[in-house]
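Breakdown of the fold
Residue-level listing of the chains:
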Amino acid sequence: MEIKVAPAALCSLACAALATVFVAAPVGAAEANPPQPLVSLSSDDWRADVQFARESMPKQHANLFHTLSRQEYEAAFDRLLNDVDGLEEHEIIVRLATIVAAVGDGHSRLTLPLESMEVAAAGHTGTTPSQAQTFRRLPLRLTRASDGYVVSRATEGEGRLLGARLLTIDRHDVAAVEAALAPVIQRDNDFQLAEWLPWFMVITEVLHARGVSPSLEESRWRFEDARGRPIEATLRPVPAGADPRWIELPEHAWPGVPPDTRRSRLWFADLAQPAAVYARVGEIGDTAERSFEAFAAELHAHLAATRLRTLIVDLRGNPGGDNSLNPSLVRALLRVPWVSDPGALHVLVDGGTFSAAMNLAEDLEHWLPAVFVGSGTGAKPNTYGDARKLVLPRSGLTLRLSSLYWQNHPNDHRVAIEPLIEAKPTISDLREGRDPAAAALSRLDAAADPAGRWSGTLSAGFRNSEIEIDLPSADGAQGRMSIRALGVEGAPFEVLERSTGAWAGEIAFASRSAPVAARVSGDRMTGWIQYRGNRHPFVATRR
């Protein structure tokens, strides 16, 4: 098995994380009435746990030093052990979490001692409660949009904040808060980091330990409402055991899909706009309604019988599960011939597409000409996974460490699968419950004349390359195509078929004949080039 070093960009993130470990503890002291641990843990207890983690992590991880150097690792632990006597319990936990995050893969992490994990535990095994103090969360939840953070959920007492855009936390602007919290967060790439940041921003003990909030008992937040009016709020953590009532922004959903259908993690439905089958795959596992294999079989039967010729598979926010189930869905789609037609399959992904869901995205990319829509996946194509638990003997805290290296292809050095069609939500989208992917794909039915000049992106050879197509309007005339990253410049190709909304041709590519086919809807062309048996998708717009 080939072990690869992570790209320099990620290495710099890990080094930055460790740099924050080496400095003195951030300003801020524990306040009165902090959350109490189940048992009293002494400094000696914490030193024993930190040393146990130090000795055990290299033995349990498949390749602990794939990004982080041994020297950096040992120095970080030396510093933490020296500082234990002067640190509060939550500061020790956050410092240890920072060392684990610096390992540099999204599966290796310290599970924070929260009362409940909410979405963090979805798709994965649970965590036994520890003896450490319980970390608390503030009475709101945030969602990251392309233009900032918005309050997407709040307790009834803080309902005025719902839909507000975050400006500052304890006088720190958003960029400063992100920089302070990033070293604590495990990730494969920056897309996963962006997915996790809102979740960590509302944890009181993390904000305090990282120097964002000077107090453990309250923090001062500034927001801006939809009209641009400022809002100030002093927020206090929700007490342990409390069960407040929550209000939330409308769920972003595809127009026309009944709410009852959306409650399951595995479902599909026919859409009216665009005319397509929409399949939601929210986890790789069985649900109360059906097994994953039964879902794949039902979807296959529907696709084989329907007159629709577009399939949208939604993997956004899917944290993974059991990747041994993926072949049942891939085979189901391969057995439907039209799913391999140009522009027939669109796969929605984002920073929450992780673990077994990432494996499924890779399988769809490999076996079918899938057009990816959304934002970059939260995992690398080649990555570490199958995390095993390591329980610290004194505190009972749980570390998870990757035990396997999943290599899809030795030449795939991407940090993510990035979309050919970008569709990221804005704050306005989140406030109104609009799905940006629905808007991006709304004109798939609008068949248009393919003639003209087009430019866009081709996905081939584990990279995205610029593509330009000049398609003449006259029958029998040759077109021209450029793919500069592959050394193709103005290469002529023969147009074999053409109609409103579609065309097909053939180009001489690297001494081979390569079929080309595309569908045209509005100002977007979606198609593939078949080379050496694989159909490589591209998306282009009119120039």
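As a reminder, the structure under discussion sits directly above these lines.
The structure contained in this document is the topic of the report that follows. Only a predicted model underlies this, so the values are computations on that prediction, with no experimental measurement involved.

In this approach the atoms are scanned with a rolling probe the size of a water molecule, which exposes any empty space left behind. Quantified by volume, the second largest pocket comes out at close to 570 Å³. Lining the second largest pocket are 22 residues; nearest its centre among them are Ala460, Gly461, Phe462, Asn534 and His536. Of all the elements in the fold, those that place two or more residues in the lining of the second largest pocket are helix H11 (356-367), strand E17 (452-460), strand E23 (524-531) and strand E24 (534-542).

Before going further, it helps to spend a moment on the pairing of strand E21 (residues 502-509). Judged from the six bridges that link them, strand E20 (residues 488-499) and E21 form a sheet pairing that is antiparallel. Its bridge partner lying in E21, Phe493 is registered against Ile507. Count of turn residues in the E20/E21 antiparallel hairpin: two residues, of which Gly501 carries a positive phi of about 100°.

Let's shift gears to helix H10 (residues 326-334). What H10 keeps buried is the set Asn326, Ser328, Leu329, Val330, Ala332 and Leu333. Buried residues belonging to H10 abut strand E10 (276-281), helix H9 (292-305), strand E11 (311-314) and H11.

At a minimum axis separation of 10 Å, H10 and H11 run at an interaxial angle of 25°. Considering their axes alone, H10 and H11 lie roughly parallel with respect to each other. Relative to H11, H10 is oriented so that their crossing is right-handed. Only Ala356, Asn359, Leu360, Asp363, Leu364 and Trp367 of H11 make contact with H10, whose side of the interface consists of Asn326, Leu329, Val330, Leu333 and Leu334. Residue composition of the contact of H10 with H11, grouped by class: eight nonpolar, two polar and one charged.

In this section: the side chain of Arg136. Looking at where Arg136 falls in the secondary structure, it is placed in the loop between strand E1 (109-111) and strand E2 (140-145). One polar contact links the side chain of Arg136 to the main-chain carbonyl oxygen of Leu216, over a distance of 2.9 Å.

By secondary structure assignment, the location of Ser465 is in strand E18 (residues 463-471). Residue Ser465 is classed as buried on the basis of its relative accessible area, which comes to 4%. Excluding anything up to four places from it in sequence, Ser465 contacts Gly456, Thr457, Leu458, Ile483 and Ala485.

This part takes up the pattern of salt bridges. For the structure on display, the rule yields 30 salt bridges. Here Asp85 and Arg47 are joined by a salt bridge, their closest N and O atoms 3.0 Å apart. With Asp85 in the loop between helix H3 (70-83) and helix H4 (89-101) and Arg47 in helix H2 (residues 43-60), the pair connects residues that are 38 residues apart, well separated along the chain. For Arg47, a relative accessible area of 25% translates into the label partly exposed. Here Arg136 makes a salt bridge to Glu205, at a shortest N to O gap of 2.9 Å. One end of the pair, Arg136, is in the loop between E1 and E2; the other, Glu205, is in helix H7 (residues 204-209), with 69 residues separating them in the sequence. On the basis of relative accessible area, Arg136 is assigned to the buried category, the value being 9%. The network of salt bridges with shared partners includes Arg54, Arg70, Glu74 and Asp78.

Rules behind the numbers
Residues numbered from 1 in each chain as written. Predicted model: local features only at pLDDT ≥ 70, side-chain atom pairs only at ≥ 80, totals over all residues. Heavy atoms only, no water. 1 Å grid on protein atoms, 1.4 Å probe; cavity = no way out; pocket = protein on both sides within 12 Å on 5 of 7 lines; lining within 4 Å. Points joined across faces, edges and corners; volume = space filled by probe spheres on them. Helix = DSSP H or I, 4+ residues; strand = E, 2+ residues; numbered from the N terminus. Pairing = 2+ DSSP bridges. Buried < 20%, exposed > 50% of the residue type's maximum accessible area, 1.4 Å probe, protein only. Contact = heavy atoms within 4.5 Å. Axes fitted to C-alpha atoms, helices over the stretch in contact; angles between N-to-C directions. Parallel < 35°, antiparallel > 145°, perpendicular 65-115°, else oblique. Left-handed = near helix turned anticlockwise from the far one by under 90°. Nonpolar A, V, L, I, M, F, W, Y, C, P; charged D, E, K, R; others polar. Polar contact = N/O pair within 3.5 Å; in protein donor to acceptor, adjacent residues only side chain to side chain. Salt bridge = Lys/Arg side-chain N within 4 Å of Asp/Glu carboxyl O.

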